[in-house]
Amino acid sequence: MRAITVRDRDAGVGGLTLTDMPYPHAAENDVIVRVHAAGFTPGELDWPATWSDRAGHDRTPSIPGHELAGVVVELGYGTTGLTVGQRVFGLTDWARNGSLAEYTAVEARNLAPLAADIDHTVAAALPISGLTAWQGLFDHAHLTTGQTVLIHGAAGGVGSIAVQLAREVGALVIGTGRAEDRDVALGLGAQAFLDLDADDLQHVGEVDVVFDVIGGDILDRSTDLVRPGGILVTIARPPTAQPKDGRAIFFVVEPDRARLTDLAQRTRNNRLNSIVGAVRPLSETASAFARHRRTPGKTIIQVTDDQGTQHS
């Protein structure tokens, strides 16, 4: 099968290569998915799990990408809850070969059924962004009606979904980003927008929740914006300081089939708009990974647009 692989950690994006790889093996409780569309995180080439398995052993050549939508073509021993021919979407394991391939093995529990009226490219943009937004806002920050939330990167993959979820629960949403992100963020429901290149972050005042996806100086400067009893939640890196009378936490998204099912239903009901930026073929994955390429929403790799057949 065709897949994008990496072998040399020092090569960065330049090491992404389209190559032939063996068809994956379905372990116990796995399914094999014929991948139609895949999502990736630009920073994942820096993640240890991209290069090593859970025991710390080198696992190159490895296949990056951890979001997918496609069709189940094979069930591993003992696998229940999914059937061959079923449309699915979800997350692949961090320390196993991922979704930038024609076929991939995934634990069945990390996938959710996908309705026929949701396009694969839309579904592939949902797993990490949708679960991260939900878990950050509600599982970790416990955002509720009437609170004020500052969402950094409000037009990006995670931020755009976070804005919509926060608005639906009745929070006051302040979005941040670059000047060209303003219309997108306001269109999604943010009541105010801050240009991180031109505006003073301190003008925001105190907020109940800061949701950070950017890190760096923005994360450090946001600590002072959390009002007493509030919380800063970040996915960028562990915070180096705590708000004076609040908390700051770092978390990594976790698979959740029930929540994926809920996010898909919200998408079907037009309560959630998953912004798909560029859609690129598998052969253009390396240029899609390049950090200087910036589009609103999530860049998706279209692996195949046919229904596919079971591997023999």
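Residues numbered from 1 in each chain as written. Predicted model: local features only at pLDDT ≥ 70, side-chain atom pairs only at ≥ 80, totals over all residues. Heavy atoms only, no water.

1. Details of the overall build of the protein chain
The condition is simple: Numbering of helices and strands runs from the N terminus, with a helix taken as a DSSP run of H or I at least four residues long and a strand as a DSSP run of E at least two residues long. Exposure categories follow from relative accessible area, calculated using a 1.4 Å probe and restricted to protein chains: below 20% of the type maximum is buried, above 50% is exposed, and the middle band is partly exposed. The contact criterion used throughout is that any non-hydrogen atoms of two residues lie within 4.5 Å. Only the protein chains shown count as cover for residues, and the accessible areas themselves come from Shrake-Rupley with a 1.4 Å probe.
Scanning the protein chain from terminus to terminus reveals 7 helices and 15 strands. For the protein chain, the spread of C-alpha atoms along the principal axes amounts to about 60 × 45 × 35 Å. Counting over 312 residues, the protein chain shows a buried share of 54%. Counting only contacts in the protein chain whose residues sit at least 6 apart along the sequence, the fraction spanning at least 24 positions is 64%. By element, 48% of the accessible surface of the protein chain is carried by carbon and sulfur atoms, the whole surface being about 13300 Å².

2. Thoughts on the packing of helix 2 (residues 127–140) against helix 6 (residues 257–268)
Heads up, the condition is: Axis definition: a line fit to C-alpha positions, over the contact stretch in the case of helices; interaxial angles, taken between N-to-C directions, run 0 to 180 degrees. Oblique is the label for any angle not covered by the other classes, which are roughly parallel (under 35 degrees), roughly antiparallel (over 145) and roughly perpendicular (65 to 115). When residues are grouped by polarity, Ala, Val, Leu, Ile, Met, Phe, Trp, Tyr, Cys and Pro land in nonpolar, Asp, Glu, Lys and Arg in charged, and all others, Gly among them, in polar.
Helix 6 packs onto helix 2 with a crossing angle of 105 degrees between their chain directions and a minimal axis gap of 10 Å. Taken together, the axes of helix 2 and helix 6 are roughly perpendicular relative to one another. Two secondary-structure elements touch here, helix 2 through Pro127, Gly130, Leu131 and Trp134 and helix 6 through Arg259, Leu260, Asp262, Leu263 and Arg266. For the contact of helix 2 with helix 6, the class distribution of residues is 5 nonpolar, 1 polar and 3 charged.

3. Here's the deal with the packing of aromatic side chains
Which entries qualify depends on this criterion: Classification of ring pairs rests on two measures: the distance between centres of Phe, Tyr or Trp rings, Trp counted by its six-membered ring, which must be within 6.5 Å, and the angle between planes, read as stacked under 30 degrees, edge-to-face over 60 and tilted in between. By the criterion adopted, a ring carries a charge over it if an Arg CZ or a Lys NZ lies within 6 Å of its centre and within 35 degrees of its normal.
Under the criterion given, the structure shown has 4 aromatic pairs. Plain terms: the ring middles of Phe40 and Phe289 are 4.2 Å apart, the flat faces sit at 15 degrees to each other, and that makes the pair stacked. Of the two residues, Phe40 is situated in the loop between strand 3 (30–39) and strand 4 (67–75) and Phe289 in helix 7 (residues 285–289); the sequence distance between them amounts to 249 residues. An identical accessibility class is assigned to Phe40 and Phe289; each is buried. The ring centre of Trp134 lies 3.7 Å from the NZ or CZ of Arg259, which sits over that ring.

4. A short note on unusual backbone geometry
The bulk of non-glycine residues show a negative phi, and the bulk of peptide bonds are trans. Following Thr60, the chain continues to Pro61 via a peptide bond in cis, the omega torsion being 0 degrees. In this structure, Asn29 takes a positive phi of about 70 degrees despite not being glycine. Topologically, Asn29 is positioned in the loop between strand 2 (17–20) and strand 3. Accessibility expressed as a relative area gives 38% for Asn29, which makes it partly exposed. Phi is positive for His142, which is not a glycine, with a value near 55 degrees. By secondary structure assignment, the location of His142 is in the loop between helix 2 and strand 8 (148–151).

5. Details of helix 6
Filter applied, for reference: For a helix, the expected span equals 1.5 Å multiplied by the number of residues minus one. In protein, a polar contact means a hydrogen-donor-capable atom and an acceptor-capable atom, both N or O and within 3.5 Å, with residues adjacent in sequence counting only if both atoms are side-chain atoms; elsewhere, any N or O pair within 3.5 Å suffices.
Taking 1.5 Å of rise per residue, the 12 residues of helix 6 would be expected to cover 16 Å, and the 17 Å separating its terminal C-alpha atoms lies within 8% of that figure. Of the surrounding secondary structure, the elements contacted by the buried residues of helix 6 are strand 5 (87–91), strand 7 (111–113), helix 1 (120–124), helix 2 and helix 3 (157–168). By the N-cap criterion, in which a side-chain oxygen at the helix start approaches the backbone nitrogen of a residue two or three places on, helix 6 is capped by Asp256, the distance to Ala258 being 3.2 Å.

6. Points about the pattern of salt bridges
For the record, the criterion: Throughout this description, the term salt bridge denotes a Lys or Arg side-chain nitrogen within 4 Å of a carboxyl oxygen of Asp or Glu.
Summed over all chains, the structure comprises 14 salt bridges. Asp217 serves as the salt-bridge partner of Arg221, at 2.8 Å between the closest nitrogen and oxygen. Taken as a pair, Arg221 and Asp217 lie in helix 5 (residues 216–222) at a separation of 4 residues, close to a single helical turn. Across the pair Arg237 and Asp220 runs a salt bridge, and its minimum N-O distance is 2.9 Å. Of this pair, Arg237 sits in the loop between strand 12 (226–234) and strand 13 (247–250) while Asp220 sits in helix 5, and the two are 17 residues apart along the sequence. Here Arg237 falls in the partly exposed class, since its relative accessible area comes to 23%. Taking the relative accessible area as the measure of exposure, Asp220 reaches 37% and is therefore partly exposed. Via salt bridges that share partners, Glu168, Arg259, Asp262, Arg266 and Arg271 belong to a single interconnected network.

7. A few points about the pairing of strand 4
So the rule is basically this: Any two strands are treated as partners once DSSP identifies two or more bridges connecting them.
Burial analysis of strand 4 places 7 of its 9 residues in the buried class, which makes it a mostly covered element. Bridge count for strand 3 against strand 4 is 8 bridges, and the pairing is antiparallel. Across the sheet, Arg34 pairs through a bridge with Val71, a residue of strand 4. Where strand 4 meets strand 5, 5 bridges bridge the pair, whose relative direction is antiparallel. Across the sheet, Glu67 pairs through a bridge with Leu91, a residue of strand 5.

8. Let's talk about the side chain of Arg59
Put simply, the rule reads: Charge convention: Lys and Arg are scored as positive, Asp and Glu as negative, and His as well as the terminal groups of each chain are ignored.
Along the chain, Arg59 turns up in the loop between strand 3 and strand 4. Among buried charged residues, Arg59 stands out as having no salt bridge; its nearest opposite-charge side chain is Asp93, 7.1 Å away. One polar contact links the side chain of Arg59 to the main-chain carbonyl oxygen of Arg96, over a distance of 3.3 Å. Discounting chain neighbours no more than four positions away, the residues touching Arg59 are Ala49, Thr50, Trp51, Ser52, Asp53, Trp94, Ala95, Arg96 and Asn97.

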